[in-house]
Amino acid sequence: MYTYMYMTFFIIMKAFKTYDEQIDILSHSSLLPEFYNSSNTVSINGPCVLKIHNPHNHHVSDRNIRMYAFQGAKGYVKEILQTYGYYNIINQYNKPFLKNDKYIDDIDFFKLFSLQQVDARIKNLIFYPILQIEQRLKTCISYEFAKAYGPFGGDNIDCHYIEPYLNESNYTQNLKTKKNELKHELLIKRLKKIYKDTTYKPFTHYRTKHGHIPIWIFINNLSFGEMLHFYEVLKIQDNISSFFHMTPSQLRTSILFLNQVRNDCAHFSSFINHDYPKLKESLPLLINFTTTFQLEFQDNITNIFKLLIVFKYLLPSNAFINFTQAIDNDVFSMIYKKYIPVISEFMQDVLMAPSPKAYKEKLDFLRTQQL
């Protein structure tokens, strides 16, 4: 006879909250004051210094001053929540400022929002260079693939013709997924589905005019992630990676890193405090950077400088110089020009910029390195 024990697990669902209820949660968490019915409004534009009449000279904390200043800001807070969402301001950026599940005294809603805005500025700056790199990778991959596998002059398009990128003999055939599926078979299955796309105008043009779709046209319709999977199973990885002064595995891990950064930029996820895949430890510039700035592991390098190291390899040299100037002017310099208590110190830490001199040394080092 068997006795069965049944265990019931209760999952607390995250219930819908109105914007007013979200503001109440922020007030109860001490990120905002308790709002009362008031027609007064206030515009918050960065940090400000306030003088409050205090005839009895009672102690007034910095928090009390800030909460007093925010009393008329409920409408503005609601507008911010309607634009960016509670999760994208609070949950994505609050972890460093919690102690025993309570916020430290020096943090409030607007400081978290300012952090979200700095991160958004960084993502806006890095997104276009990533698109440049995506196009550069696709151009290099398609060039080397066509050079190796055609089509060549004299090749005939007949009923037996197979596009080279749909021919499994052109791929490494022993790589498997964690589910023990062959990667090249999964890739070709996906490529065949893309090949049938009738909405992509370049495909229609080349089918009609040339009877097939060459790789340099086809690859433009691949996502960044699909391009990575394509590269992973190529036999000609050496030809591609050498163009970027990398080994095949160094390039693969760099593309994987960039793919996740790209997704975070596109989907409003945090960049500054995200855990990204590690770069290959053997990457020469990574080694030189950690040695020069006395960093024991690559984990000591924050996301922005890991990204700059990858950019150094994958961007054209002029584009890299232009980006370092832009990130200096619009991000690094800004955190020193516009001081926000707690947030400025936090940003200096995550940007590895304890002083203007320190971050400029790192930028200059990367600018002048030869690959």
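Look a little higher up for the structure.
Just so we're clear, the structure is a prediction, and the values are computed from it rather than from any experiment.

Draft legend 1. View of the overall build of the protein chain. Check the secondary structure of the protein chain and you find 17 helices and two strands. Over its C-alpha trace the protein chain gives a radius of gyration of 27 Å, far above what one expects of a compact globule, namely 21 Å for 371 residues. For the protein chain, the residues scored as buried account for 44% of the 371 residues in total. Counting every atom, the protein chain has about 21,700 Å² of accessible surface; 53% of that belongs to carbon and sulfur. Here the protein chain holds 41 positive side-chain charges and 34 negative ones, and the gap between their average locations is 2 Å.

Draft legend 2. Representation of the pattern of salt bridges within the structure. Scanning all chains against the criterion turns up 12 salt bridges. One salt bridge connects aspartate 20 with lysine 74, and the closest N-O pair in it is separated by 3.8 Å. With aspartate 20 in helix H1 (residues 19-28) and lysine 74 in helix H3 (residues 74-84), this pair connects stretches of sequence that are 54 residues apart. On the basis of relative accessible area, lysine 74 is assigned to the partly exposed category, the value being 31%.

Draft legend 3. Geometry of the nonpolar core. One finds Phe109, Phe230 and Met347 to be the most contacted residues of the largest nonpolar core, which totals 109 residues. Among all residues touching phenylalanine 230, those that are not within four sequence positions of it are Ile141, Phe145, Tyr165, Tyr171, Leu187, Leu191, Ile215 and Ile219.

Draft legend 4. Main features of the packing of helix H5 (residues 109-149) against helix H14 (residues 317-332). Relative orientation of the contacting elements H5 and H14 amounts to 175°, with a least axis distance of 10 Å. Of the possible angle classes, the one that applies to H5 and H14 is roughly antiparallel. Of H14, the residues touching H5 (which contributes Arg121, Ile122, Leu125, Ile126, Pro129 and Gln132) are Ala319, Phe323, Ala326, Ile327, Asp330 and Val331. Its residues assigned to classes, the contact of H5 with H14 shows nine nonpolar, one polar and two charged.

Draft legend 5. Region of interest: unusual backbone geometry. Cis geometry is found at the peptide bond from glycine 150 to proline 151, where omega equals 10°. One non-glycine residue, aspartate 101, adopts positive backbone phi at about 65°. With respect to the helices and strands, aspartate 101 occurs in the loop between strand E1 (98-99) and strand E2 (102-103). You will see that histidine 245, though not glycine, has its phi angle at about 60°, which is positive. In this fold, histidine 245 is placed in the loop between helix H10 (237-243) and helix H11 (248-266). Judged by its relative accessible area of 49%, histidine 245 falls in the partly exposed class.

Draft legend 6. View of the side chain of arginine 66. Tracing the backbone through its elements, the reader meets arginine 66 in helix H2 (residues 62-69). The class of arginine 66 is buried, set by a relative accessible area of 9%. Engagement of the side chain of arginine 66 in a polar contact is seen with the backbone oxygen of aspartate 105, the distance being 3.0 Å. At a separation of 2.5 Å, a polar atom in the side chain of arginine 66 contacts the side chain of aspartate 108. For arginine 66, the contacting residues outside a window of four places in its chain are Asp105, Asp106, Ile107, Asp108 and Lys111.

Draft legend 7. Representation of the environment of glycine 211 within the structure. Tracing the backbone through its elements, the reader meets glycine 211 in the loop between helix H7 (201-210) and helix H8 (215-218). Here the alpha-carbon distance between glycine 211 and isoleucine 157, two residues 54 residues apart in the chain, equals 6.9 Å. Every residue in contact with glycine 211, bar those within four places of it in the chain, is listed here: Ile157 and Tyr206.

Draft legend 8. Spatial organisation of helix H13 (residues 303-314). The terminal C-alpha atoms of H13 lie 16 Å apart, and with 12 residues this matches the ideal 16 Å at 1.5 Å per residue to within 8%. By the criterion of burial, H13 is predominantly enclosed, with 12 of the 12 residues buried. Turning to H13, its buried residues are Asn303, Ile304, Phe305, Lys306, Leu307, Leu308, Ile309, Val310, Phe311, Lys312, Tyr313 and Leu314. Contacts from the buried residues of H13 go to H5, H11, helix H12 (284-292), H14, helix H16 (343-350) and helix H17 (356-368).

What counts, and where the lines are drawn
- Residues numbered from 1 in each chain as written.
- Predicted model: local features only at pLDDT ≥ 70, side-chain atom pairs only at ≥ 80, totals over all residues.
- Heavy atoms only, no water.
- Helix = DSSP H or I, 4+ residues; strand = E, 2+ residues; numbered from the N terminus.
- Rg over C-alpha atoms; globule rule 2.2 N^0.38 Å.
- Buried < 20%, exposed > 50% of the residue type's maximum accessible area, 1.4 Å probe, protein only.
- Areas by Shrake-Rupley, 256 points an atom, 1.4 Å probe, with all protein chains shown as cover.
- Lys, Arg positive; Asp, Glu negative; His and termini not counted.
- Charge placed at Lys NZ, Arg CZ, Asp CG, Glu CD.
- Salt bridge = Lys/Arg side-chain N within 4 Å of Asp/Glu carboxyl O.
- Core = buried A, V, L, I, M, F, W, Y, C linked by side-chain atoms within 4.5 Å.
- Contact = heavy atoms within 4.5 Å.
- Axes fitted to C-alpha atoms, helices over the stretch in contact; angles between N-to-C directions.
- Parallel < 35°, antiparallel > 145°, perpendicular 65-115°, else oblique.
- Nonpolar A, V, L, I, M, F, W, Y, C, P; charged D, E, K, R; others polar.
- Polar contact = N/O pair within 3.5 Å; in protein donor to acceptor, adjacent residues only side chain to side chain.
- Expected span 1.5 Å × (residues − 1).

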